[in-house]
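Residue-level listing of the chains:
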Amino acid sequence: MLTIALPKGRIAEETLDKFEKAFGEKFIFEDRKLILEKAGFRFLNVRNQDVPTYVMHGAADLGVVGLDVLEEKEYDLIKLLDLELGRCKVAFGLRAGEKLNFDKSKITIATKHEVIAKKYFEQKAMAVEIIKLYGSIELAPLVGLCDCIVDIVETGETMKQNGLEVGPTIMESSAHLIANKNSFYAKKDLILDLKERIEAHL
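An account of the accompanying structure is given in this report. Along each chain, residues carry numbers from 1 onward, in the same order as the chain's sequence is written. Owing to the predicted nature of the model, reporting of local features is limited to residues with pLDDT of at least 70; listing and counting of side-chain atom pairs is limited to 80 or more, with chain, interface and lining totals taken over all residues. Working from all heavy atoms in the structure, the side-chain values ignore hydrogens and water.

Digging into the side chain of K18
Okay, step 1: We count a stretch as a helix when DSSP gives it H or I for four or more residues in a row; a strand needs E for two or more, and each element gets its number in order from the N terminus. By secondary structure assignment, the location of K18 is in helix α1 (residues 10-23).
Okay, step 2: A contact between two residues is defined here by any heavy atoms of the two lying within 4.5 Å. When residues no more than four places from it in sequence are discounted, the contact partners of K18 are L83, L85, I198, H201 and L202.

So, the sheet that holds strand β3 (residues 41-46)
Okay, step 1: By the convention used here, strands pair only if DSSP detects at least 2 bridges between them. Strand order across the open sheet formed by 6 strands is β2-β3-β1-β4-β11-β5, with mixed pairing between neighbours. Only two strands of the sheet have a single partner each, and these edge strands are β2 (35-38) and β5 (78-82). Averaged over all pairs of adjacent strands, the angle between strand axes in this sheet comes to 25°, irrespective of strand direction.
Okay, step 2: As paired elements, strand β1 (residues 2-7) and β3 share 6 bridges and run parallel to each other. Across the sheet, residue T3 finds its bridge partner in β3, namely R42.
Okay, step 3: In this analysis, axes come from line fits to C-alpha atoms, helices being fitted only over the stretch in contact, and the angle between any two N-to-C directions falls in the range 0 to 180 degrees. Across the sheet, α1 lies against β1, β3, β4 (62-66) and β11 (175-179), angled at about 140° from β1, the strand it touches most.
Okay, step 4: Relative to β5, helix α8 (residues 188-199) is tilted by about 25°, and along the sheet it contacts β1, β3, β4 and β5.

Remarks on the environment of E14
Okay, step 1: Tracing the chain through its elements places E14 in helix α1.
Okay, step 2: Residues E14 and A140, 126 residues apart in the sequence, show an inter-C-alpha distance of 33 Å.
Okay, step 3: Look past the residues within four positions of E14 in its chain and what remains in contact with it is L85 and G86.

Given below as structure tokens:
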């Protein structure tokens, strides 16, 4: 049996839909259940940010998670397949009409993507102060907490509605099928068969 950690919400539903097409079975989490066992699979319904942790520690053989979350966690996991779901980007958000000033001695960023933002500025050899926020992040530049934000952007509508505009893109992201290294070697045939079946329906 393969155990697969899925992020709660739309990505989990779209992933299960791919499994349905690949295996001709119906995969649905009932009510508020967190575990679904069917057709030789055990699916775990977990928080998006926690998917790589379940896989890293071997509680799940595989997981489905955005590339941005993987970059942020920096775990040593195998990226098996881009599922082409949940496409988005990690980008700057700036007050409308402003540009990112790379000449400043130090830029202050508000974000929950600390690792991604830090790497970006390290590559540019620039000083950055990072303020970690978990929600209502669009507010931060408007009240002078920071120069700009780094956040996930799908359409840019949330930023626009809050007086911000989308700035430069740091990275593109989409949901990937990932594997625990030990699981990959112990269950290689099962995992590669699954990968091929899903790939055929992308």
